[in-house]
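# Examination of the molecular architecture
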Protein chains: 2
Amino acid sequence: MPIDLRPGQALRLLHEVNLCLVRDGDFDLSARQMTILLTVYLEPPPHTVRGLATRLNVTKPAITRALDTLGNMKLLTRKRDEADRRNVIIGRTVEGALYLDQLGNLITVKARGLPR
Amino acid sequence: MPIDLRPGQALRLLHEVNLCLVRDGDFDLSARQMTILLTVYLEPPPHTVRGLATRLNVTKPAITRALDTLGNMKLLTRKRDEADRRNVIIGRTVEGALYLDQLGNLITVKARGLPR
DNA sequence: ATAAATAGTAACGGAGCCGAAACGAAGAAT
DNA sequence: ATTCTTCGTTTCGGCTCCGTTACTATTTAT
């Protein structure tokens with residue numbers, strides 16, 4: 001049985017979640033940064049700069065800069081690939097996992113409170 | 001019967017929607033701009049700069065600038081309140097309604113395709 | 001060994017957004 | 001009529017992000 005979420009409900013859900021993030025936002029991630037974060041945490045590793053660039057259809061420098069930001073926020077880590085030292089492997093952190101955990105819970109709670 | 005969307009599913013849904021928006025994004029709205037747009041279209045009018053500022057917990061200039069951007073994108077309009085000419089009333093547009101319509105449909109489709 | 005390809009980053013100029021403060025216009029209070 | 005308040009905008013310096021281009025380091029091909 002698939003999730004049945006009508007368009008009006010979807011927008012309302014998005015609205016409530018966005019309101020929480022904007023109002024009490026500790027972090028203020030752009031759509032691009034959020035997408036990178038979700039990709040790293042939800043899709044199977046390994047993740048590289050090049051891989052993310054093609055997956056998101058943006059340039060490599062854009063990924064590098066986003067990784068700088070997300071790295072400063074401790075949401076992600078970078079380390080050299082020892083097998084092929086040209087590559088950089090993007091890894092997960094406790095803080096990043098916690099952040100997404102809270103975000104997922106927020107959405108769940110808001111979805112539960114949605115009018116029929 | 002409330003919508004039952006587990007945290008993991010919520011993050012996956014957010015991921016897929018974000019991917020679409022980032023990859024083929026005509027517009028690239030910030031979280032704040034998106035929240036303003038949703039507030040104007042989902043909450044009952046009238047909407048003013050001051051009202052949005054307090055609702056989103058941001059400064060008035062931030063709202064003014066976001067309205068500039070959203071206005072240039074034709075997603076929103078501004079007009080003077082003739083009753084109290086200090087106020088500016090923020091209104092909806094066909095383009096804005098269409099944009100949110102498509103967004104709602106996108107979320108619905110992605111939700112339907114979510115694994116159980 | 002040398003050349004070519006690949007991965008990631010730095011440098012550059014430009015554009016957009018930020019909060020704080022100042023501003024002008026409109027209304028309310030006295 | 002003159003102050004006082006409210007509303008939205010503008011201005012200011014600062015910060016972040018953007019895409020393009022150029023660069024270094026590493027690996028592969030010849």
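If you look chain A up in an unreviewed UniProt entry, it shows as MarR family transcriptional regulator from Roseibium aquae.

## Observations regarding the protein's contact with DNA strand C
Residues in contact with DNA strand C amount to 22 residues; listed here are only the nearest, A:Arg50, A:Lys60, A:Asn87, B:Arg32 and B:Gln33. Protein-proximal atoms of DNA strand C, defined as those within 4 Å of the protein, fall in sugar or phosphate at a share of 72%. At 2.7 Å from a phosphate oxygen of DNA strand C is found a main-chain nitrogen or oxygen belonging to A:Arg50. Between DNA strand C and A:Val88 there is a distance of 3.1 Å, counted from a phosphate oxygen to a backbone nitrogen or oxygen. A per-class count over the surface near DNA strand C returns 6 nonpolar, 6 polar and 10 charged.

## Topic: the protein's contact with DNA strand D
Close contacts around DNA strand D come from 21 residues, with A:Arg65, B:Arg50, B:Lys60, B:Thr64 and B:Arg78 the closest. Taking the atoms of DNA strand D that fall within 4 Å of the protein, sugar and phosphate contribute 72% of them. Within the contact set of DNA strand D, a base nitrogen lies 2.6 Å away from a side-chain nitrogen or oxygen of B:Lys60. B:Arg86 has a polar side-chain atom sitting 3.3 Å from a base oxygen of DNA strand D. Those elements that place two or more of their residues in the surface near DNA strand D are helix H2 (31–42) and helix H4 (60–72) of chain A together with helix H3 (49–56) and helix H4 (60–72) of chain B. Per element, the largest residue contribution to the surface near DNA strand D is 4 residues, and it comes from H4(A). In terms of residue class, the surface near DNA strand D is made up of 6 nonpolar, 6 polar and 9 charged.

## Focus: the interface of chain A and chain B
Listed as interface residues are 41 residues of chain A and, on the opposing side, 42 residues of chain B. Both faces combined, the contact of chain A with chain B buries some 3900 Å², and carbon together with sulfur accounts for 64% of it. Per-residue buried area on chain A facing chain B is highest for A:Ile3, A:Leu11 and A:His15; these three make up 17% of the total on that side. Summed over the shared surface of chain A and chain B, the number is 8 residue pairs in polar contact (both at pLDDT 80 or more). Of all elements in the fold, only helix H1 (7–23), H2, helix H3 (49–56) and helix H5 (94–112) of chain A reach the threshold of two or more residues within the side of chain A that touches chain B. If one sorts the elements of the side of chain A that touches chain B by residue count, H1(A) sits on top with 12 residues.

## Notes on H1(A)
The end-to-end C-alpha separation of H1(A) is 24 Å, in line with the 24 Å expected for 17 residues at 1.5 Å each. If you check which residues of H1(A) are buried, you get A:Gln9, A:Ala10, A:Leu11, A:Leu13, A:Leu14, A:His15, A:Val17, A:Asn18, A:Leu19 and A:Val22. Close packing links the buried residues of H1(A) with H5 of chain A together with helix H2 (31–42), H3 and helix H5 (94–112) of chain B.

## Section: the relation of the copies chain A and chain B
Take chain A, turn it by 180 degrees, move it 0.0 Å along the axis, and it overlays chain B with an RMSD of 0.1 Å. Classification of the inter-copy transformation places it as that of a two-fold axis. In terms of C-alpha distance to the rotation axis, chain A has A:Ser30 as its closest residue, with the C-alpha 3.0 Å off the axis. Interface overlap between copies: 100% of the residues of chain A at the interface are likewise at the interface in chain B, consistent with a symmetric, same-surface contact.

## A few points about unusual backbone geometry
Residues other than glycine predominantly adopt negative phi, and peptide bonds predominantly adopt the trans conformation. Of note, the amide linkage connecting A:Pro45 to A:Pro46 takes the cis form, showing an omega dihedral of 0 degrees. Relative to the helices and strands, A:Pro46 is located in the loop between H2 and H3. Despite not being glycine, B:Asn57 has its phi angle at roughly 65 degrees, a positive value. Among the secondary structure elements, B:Asn57 is positioned in the loop between H3 and H4. The phi angle at B:Lys74 is positive, at roughly 65 degrees, despite the residue not being glycine. In this fold, B:Lys74 is placed in the loop between H4 and strand E1 (76–80). The exposure class assigned to B:Lys74 is exposed, which follows from its relative accessible area of 53%.

Procedures and definitions
- Residues numbered from 1 in each chain as written.
- Chains lettered and ligands numbered in written order.
- Predicted model: local features only at pLDDT ≥ 70, side-chain atom pairs only at ≥ 80, totals over all residues.
- Heavy atoms only, no water.
- Near = heavy atom within 4 Å.
- Polar contact = N/O pair within 3.5 Å; in protein donor to acceptor, adjacent residues only side chain to side chain.
- Nonpolar A, V, L, I, M, F, W, Y, C, P; charged D, E, K, R; others polar.
- Helix = DSSP H or I, 4+ residues; strand = E, 2+ residues; numbered from the N terminus.
- Contact = heavy atoms within 4.5 Å.
- Buried area = accessible area lost by both parts, 1.4 Å probe.
- Expected span 1.5 Å × (residues − 1).
- Buried < 20%, exposed > 50% of the residue type's maximum accessible area, 1.4 Å probe, protein only.
- Least-squares fit on C-alpha atoms with pLDDT ≥ 70 in both.

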